[in-house]
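Fold and contact review
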Protein chains: 2
Amino acid sequence: MFKRLRVRSPLVKRSPAPVCEEPPENVYHRPHFLHQSPGETSQNSDQMTRPVLFPPRNKNLPWCTGYAEVINAGKSLSNEDQATCRPVILKKRTSIDEDWVFLCQNEDKQTQEIMATYWGLFDGHGGPTAAIQASKHLHHCIKDQLEDIFDIIGNPTAASPPMRLGEQNGNGSQTSYSKEKKICVESVVKGALEIAFKKCDEQIGVYLASHNQTGGCTALVVLHFQGKFFVASAGDSRAIVVQKNDVLPLSNEFTAITERQRIQHLAFLKPELLGEEFSRYEFPRRVKRNDVGKKILYRDYFMSGWGYKTAEEDDLKYPVVHGDGRQTRVMGTIAVTRGLGDHKLMVHDTDLCIKPFLSCIPEVTVFDLEQEEFGLNDVLIMATDGLWDVMSNKDVADAVKNFLEDQKHEARRYTMLAQYLVVKARGFPFNNNWTLEDGSFASYDDISVFVIPLHNQGGTA
Amino acid sequence: MFKRLRVRSPLVKRSPAPVCEEPPENVYHRPHFLHQSPGETSQNSDQMTRPVLFPPRNKNLPWCTGYAEVINAGKSLSNEDQATCRPVILKKRTSIDEDWVFLCQNEDKQTQEIMATYWGLFDGHGGPTAAIQASKHLHHCIKDQLEDIFDIIGNPTAASPPMRLGEQNGNGSQTSYSKEKKICVESVVKGALEIAFKKCDEQIGVYLASHNQTGGCTALVVLHFQGKFFVASAGDSRAIVVQKNDVLPLSNEFTAITERQRIQHLAFLKPELLGEEFSRYEFPRRVKRNDVGKKILYRDYFMSGWGYKTAEEDDLKYPVVHGDGRQTRVMGTIAVTRGLGDHKLMVHDTDLCIKPFLSCIPEVTVFDLEQEEFGLNDVLIMATDGLWDVMSNKDVADAVKNFLEDQKHEARRYTMLAQYLVVKARGFPFNNNWTLEDGSFASYDDISVFVIPLHNQGGTA
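These figures come from a predicted structure and were not determined experimentally.

Conventions used here
Residues numbered from 1 in each chain as written. Chains lettered and ligands numbered in written order. Predicted model: local features only at pLDDT ≥ 70, side-chain atom pairs only at ≥ 80, totals over all residues. Heavy atoms only, no water. Helix = DSSP H or I, 4+ residues; strand = E, 2+ residues; numbered from the N terminus. Buried < 20%, exposed > 50% of the residue type's maximum accessible area, 1.4 Å probe, protein only. Contact = heavy atoms within 4.5 Å. Areas by Shrake-Rupley, 256 points an atom, 1.4 Å probe, with all protein chains shown as cover. Phe/Tyr/Trp six-rings, centres within 6.5 Å; stacked < 30°, edge-to-face > 60°. Lys NZ or Arg CZ within 6 Å of the ring centre and 35° of its normal. Pairing = 2+ DSSP bridges. Axes fitted to C-alpha atoms, helices over the stretch in contact; angles between N-to-C directions. Parallel < 35°, antiparallel > 145°, perpendicular 65-115°, else oblique. Left-handed = near helix turned anticlockwise from the far one by under 90°. Nonpolar A, V, L, I, M, F, W, Y, C, P; charged D, E, K, R; others polar. pLDDT = per-residue confidence, 0-100. Buried area = accessible area lost by both parts, 1.4 Å probe. Salt bridge = Lys/Arg side-chain N within 4 Å of Asp/Glu carboxyl O. Polar contact = N/O pair within 3.5 Å; in protein donor to acceptor, adjacent residues only side chain to side chain.

Helix and strand counts for chain A stand at eight helices and 21 strands. Looking at chain A as a whole, 54% of its 461 residues are labelled buried. Considering only contacts within chain A whose residues lie at least 6 apart along the sequence, 70% involve residues at least 24 apart. Working note: accessible area of chain A is about 20300 Å², and carbon and sulfur atoms make up 51% of it.

Structure follows, in structure tokens:
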């Protein structure tokens with residue numbers, strides 16, 4: 001039974017900011033769980049030798065998560081990947097922003113805290129600032145959103161989330177709300193993650209502007225609580241579950257290739273965003289002056305296939321989405337179409353802003369751990385595109401199975417696996433190239449990998 | 001070897017319109033393959049008894065396709081479903097619209113015709129006109145688009161479609177085009193179908209305006225040629241393959257539920273389309289005056305999950321997407337969000353046009369028959385939503401397997417199966433209700449079903 005009191009509280013009690021050993025806001029650093037001094041960070045950033053970094057032996061990550069990273073081969077001054085791995089405690093608030101408050105008569109029986117675990121990977125571009133900011137703040141934004149709905153997620157026996165926050169109905173059983181759509185608890189968690197990414201993006205925008213910084217980052221987040229993984233991805237990092245002989249992808253990539261139609265559609269609806277520089281059509285190659293008047297291959301926003309159109313003068317402009325394979329870019333500038341930051345990203349030498357074509361909203365998938373049984377070799381792999389550019393899901397799954405089977409009795413097997421994957425993708429210097437075992441080009445990008453063991457969900461290995 | 005001549009032809013030689021026994025443009029009718037006189041059509045439209053109609057015994061459809069239909073139980077004056085099933089002959093043109101022409105030196109060795117088979121289902125609303133027009137013309141639009149690219153699809157040994165129609169390069173082998181993206185032939189067929197739907201929609205718009213008619217229809221098309229099914233769907237009809245113990249869906253449905261985010265996004269980008277009548281947010285129920293100031297559940301265009309926002313005066317407006325389950329509608333008016341027609345569909349008693357929120361573009365999927373082996377009981381089922389509203393894919397697959405196994409030696413087994421499915425979904429009158437075998441409500445809608453046997457792909461049964 002609930003006793004309902006109307007209390008307007010001008011002051012919101014939120015949990016205090018967590019105490020941590022992290023460097024101040026604006027200092028470049030590596031993930032705090034690597035426990036590196038600034039000197040070590042600088043020393044380990046050698047882009048000629050590309051040493052593989054991992055947490056110190058006596059500093060286990062939550063869930064005995066394995067982690068390893070390597071810097072790029074020179075494409076930027078620093079390692080623009082960032083990573084976070086930490087417990088998050090979701091706390092019941094004693095009041096809700098200037099709104100209704102419930103005092104439960106037998107409050108002590110109610111859940112007051114929910115223990116969650118958070119993993120985040122952030123792949124920066126145009127400078128490390130956005131990725132550093134995201135790695136420091138996105139989990140606070142998520143915590144904030146989830147604590148707003150603590151009464152819903154903290155009460156698993158309750159029916160569906162109520163139409164009005166703080167009230168009890170909403171399960172459609174009350175006659176006055178008989179036409180109310182039923183929402184499930186999972187949906188409000190998904191919504192919380194989506195809104196948290198949006199809020200974090202706004203904060204990063206303010207930070208970048210006030211610190212005269214630029215740049216952006218992808219964000220791949222895994223949040224575990226109440227027996228489920230919520231995987232939120234905005235960008236081209238990837239999470240997969242490797243379980244026995246199966247690979248289960250938990251995220252999709254968002255790039256100028258996969259989001260071509262969304263971008264062209266916006267260009268159709270808001271042609272002013274293209275200025276006089278760009279055409280919204282896609283062509284297999286740049287249109288040449290002697291193509292004009294000929295029927296040439298093209299795609300418009302509504303087409304998944306290709307058609308022929310008569311080339312016009314206007315088609316000589318640079319296409320808003322152009323390039324082949326991984327070189328495909330929006331407005332010739334950026335390949336990844338979702339992420340945080342990039343508020344002031346402009347097309348070189350123009351006043352055309354690219355941000356309207358980018359999205360900060362993640363796609364959220366849910367993986368229910370309680371529906372499955374896991375063995376010691378079943379893991380969730382999260383990695384930035386540096387890994388996936390040179391290894392397929394199957395390559396990674398094969399490597400996982402072989403490695404973990406070989407290292408059955410090794411206490412640090414998940415961190416060793418992360419190192420193994422990073423080394424496999426970075427390759428070795430050969431004839432002045434970073435080269436894979438099969439002789440092809442290795443990854444020249446930053447590579448960061450989490451290996452999350454699934455068998456005992458947060459216990460020790 | 002090709003001899004290239006530049007010929008400008010003011011007159012385009014297109015294949016002549018096919019001779020058929022169909023009624024004139026503006027007369028209501030049932031599918032021509034039912035061979036009904038106007039008197040029979042009227043007699044068979046009894047909405048009290050709902051007789052099941054099927055083609056006469058001596059008039060086999062192509063591929064020995066089975067077909068059956070039933071009229072609705074009174075929701076509209078006539079059966080608003082329409083169907084087409086016919087061979088389509090794609091012919092090489094002797095010239096291309098004011099463009100380059102190729103004369104092949106050994107032309108007789110080249111393919112001059114491609115035999116295709118076409119099935120179409122059109123579920124009308126707001127009157128039968130759009131569905132009748134679509135059933136008469138969409139296959140001509142498709143034929144037209146495919147004949148534009150005949151040189152590509154008629155030449156399976158050629159590499160990828162050329163950047164310039166009529167030229168030979170385009171496979172990336174020429175050095176001057178070394179950065180050209182490779183396109184596959186399947187992609188230009190997909191594009192042809194997408195453009196054909198768009199052209200047909202434009203034609204229907206012109207027809208409706210000039211005949212002072214309104215209404216629209218969904219369109220589900222299956223086109224077979226060169227060993228592949230191309231399935232194009234705009235609406236909520238559905239095609240599935242039932243093969244041994246598997247069901248393979250070949251289409252998705254496009255409704256206010258599945259396209260909610262697309263519709264809300266357009267409302268965000270073009271708020272003027274909502275006038276003063278609608279809000280772009282979705283809520284689990286209508287917002288009431290006493291909700292204002294409270295935190296209420298909502299979804300915006302970027303959200304797959306739900307969040308809470310403080311309700312404002314503006315949220316009292318009718319949501320652009322609203323309703324529960326199958327009652328969910330765009331602007332309170334229409335549940336299906338893709339199809340042909342509806343050019344003048346307005347929100348009742350306003351000057352707000354709904355067409356901008358609708359799409360005439362199909363999603364195209366490809367099913368390669370040459371990758372599979374088929375038995376006598378393997379079929380493709382196409383049906384309007386009248387069937388799927390009361391039967392799941394599994395229900396249909398079970399019915400297919402049981403029925404065809406029982407009727408192994410029956411020559412008309414595929415038409416009998418179509419009848420069986422239609423009767424199963426229409427149910428029987430019981431206590432003044434159309435009732436299913438299990439006592440629940442049967443389908444009150446028009447129901448149309450094609451059963452396409454897959455084992456001998458166009459031969460006789």
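Here we come to the packing of aromatic side chains. Considering all chains together, one arrives at 30 aromatic pairs over all chains under this definition. Ring geometry for Tyr67 of chain A versus Phe450 of chain A: centroids 5.0 Å apart, planes at 50°, classification tilted. Residue Tyr67 of chain A is found in strand S2 (residues 66–70), and its partner Phe450 of chain A is found in strand S21 (residues 447–453); the two are separated by 383 residues along the sequence. Overall, Tyr67 of chain A belongs to the buried group, its relative accessible area being 0%. Ring centres of Phe225 of chain B and Phe230 of chain B lie 5.4 Å apart, and the angle between their planes is 25°; this geometry places the pair in the stacked category. Of the two residues examined, Phe225 of chain B and Phe230 of chain B, each falls in the buried class. Each member of the aromatic cluster is reached from another via a ring pair, and the members are Phe33, Tyr67 and Phe450 of chain A. Sitting over the face of the ring of Phe428 of chain B, Arg426 of chain B holds its NZ or CZ atom 5.5 Å from the ring centroid.

In this section: the pairing of strand S6 (residues 216–225) of chain B. Residue and element names in this part refer to chain B. Of all ten residues that make up S6, ten are buried, and the element is covered over most of its length. Here S6 shows two buried faces, one formed by Gly216, Thr218, Leu220, Val222 and His224 and the other by Cys217, Ala219, Val221, Leu223 and Phe225. Bridge count between strand S5 (residues 113–125) and S6: nine bridges; the pairing is antiparallel. By the bridge assignment for S6, Trp119 is matched with Val222. The pairing of S6 with strand S7 (residues 228–234) spans seven bridges and is antiparallel. Paired with Val221 across the two strands is Ala232, which belongs to S7. Connecting S6 to the antiparallel partner S7 that follows it, the hairpin turn spans two residues, and Gln226 within it adopts a positive phi of roughly 50°.

All names here are of chain A. With antiparallel pairing, the five strands of this open sheet are ordered in space as S2-S21-S18-S8-S9. A single partner strand is all that each edge strand has here, and the edge strands are S2 and strand S9 (246–249). This sheet shows a mean twist of 20° between the axes of neighbouring strands, independent of strand direction. Strand direction decides the pairing type here: strand S18 (residues 379–383) and S21, joined by five bridges, are antiparallel. Within S21, the residue paired with Ile381 across the bridge is Val451.

Looking now at the packing of helix H2 (residues 129–148) of chain A against helix H4 (residues 185–210) of chain A. Residue and element names in this part refer to chain A. Interaxial distance between H2 and H4 falls to 8 Å at its minimum, and their mutual angle equals 140°. Considering the angle they form, H2 stands oblique to H4. Two packed elements cross with a definite hand, and for H2 against H4 that hand is right-handed. On the side of H2, the interface is formed by Thr129, Ala130, Gln133, Ala134, His137, Leu138, Cys141, Ile142, Gln145 and Leu146, while H4 contributes Val189, Ala192, Leu193, Ile195, Ala196, Phe197, Lys199, Cys200, Gln203, Ile204, Tyr207 and Leu208. By residue class, the composition of the contact of H2 with H4 is 16 nonpolar, five polar and one charged.

This brings us to the packing of helix H7 (residues 393–406) of chain B against helix H8 (residues 413–426) of chain B. All names here are of chain B. Running from N to C, H7 and H8 cross one another at 135°; their axes reach a closest spacing of 10 Å. Classified by the angle between their axes, H7 and H8 sit oblique to one another. Seen from above, H7 lies across H8 with right-handed handedness. Taken together, the residues of H8 that come into contact with H7 (itself represented by Val396, Ala399, Val400, Phe403 and Leu404) are Arg413, Tyr414, Met416, Leu417, Tyr420, Leu421 and Lys424. Residues belonging to the contact of H7 with H8 are distributed by class as follows: ten nonpolar, no polar and two charged.

This paragraph deals with the confidence of the model for chain A. Residues and elements named next belong to chain A. In this model, chain A carries an average pLDDT of 89, and 88% of its residues clear a pLDDT of 70 or more. Taken as a whole, residues 1–20 scores under 50 in pLDDT and shows 40 contacts with residues more than four places along the chain or in a different chain. Scored below 50 in pLDDT, residues 97–109 shows 30 contacts in the model against residues more than four places distant or in partner chains. At the level of chain-chain contacts, confidence expressed as ipTM amounts to 0.89, with global pTM at 0.90.

This part takes up the pairing of strand S11 (residues 295–298) of chain B. Residues and elements named next belong to chain B. Neither face of S11 is open: one carries Lys295 and Leu297, the other Ile296 and Tyr298, and all of them are buried. The sheet contact formed by S11 and strand S12 (residues 307–310) spans four bridges and is antiparallel. Of the residues in S12, the one forming a bridge with Tyr298 is Gly307.

This part takes up the interface of chain A and chain B. Accessible area lost when the parts come together is the quantity often used to give the size of an interface. In this assembly, 51 residues from chain A lie in contact with 51 residues from chain B. Around 4700 Å² of area is buried between chain A and chain B when both sides are counted, 60% of it from carbon and sulfur atoms. At the boundary of chain A and chain B, one finds six salt bridges. Here Arg285 of chain A ties to Glu180 of chain B by a salt bridge, and the two come within 3.6 Å at their closest N and O atoms. One can count 22 residue pairs in polar contact (both at pLDDT 80 or more) joining chain A with chain B. Of all the elements in the fold, those that place two or more residues in the side of chain A that touches chain B are H4, helix H5 (260–269), strand S11 (295–298) and strand S12 (307–310) of chain A. The greatest single-element share of the side of chain A that touches chain B, amounting to eight residues, is contributed by H4 of chain A. Here the side of chain A that touches chain B is built from residues that sort into 25 nonpolar, eight polar and 18 charged.

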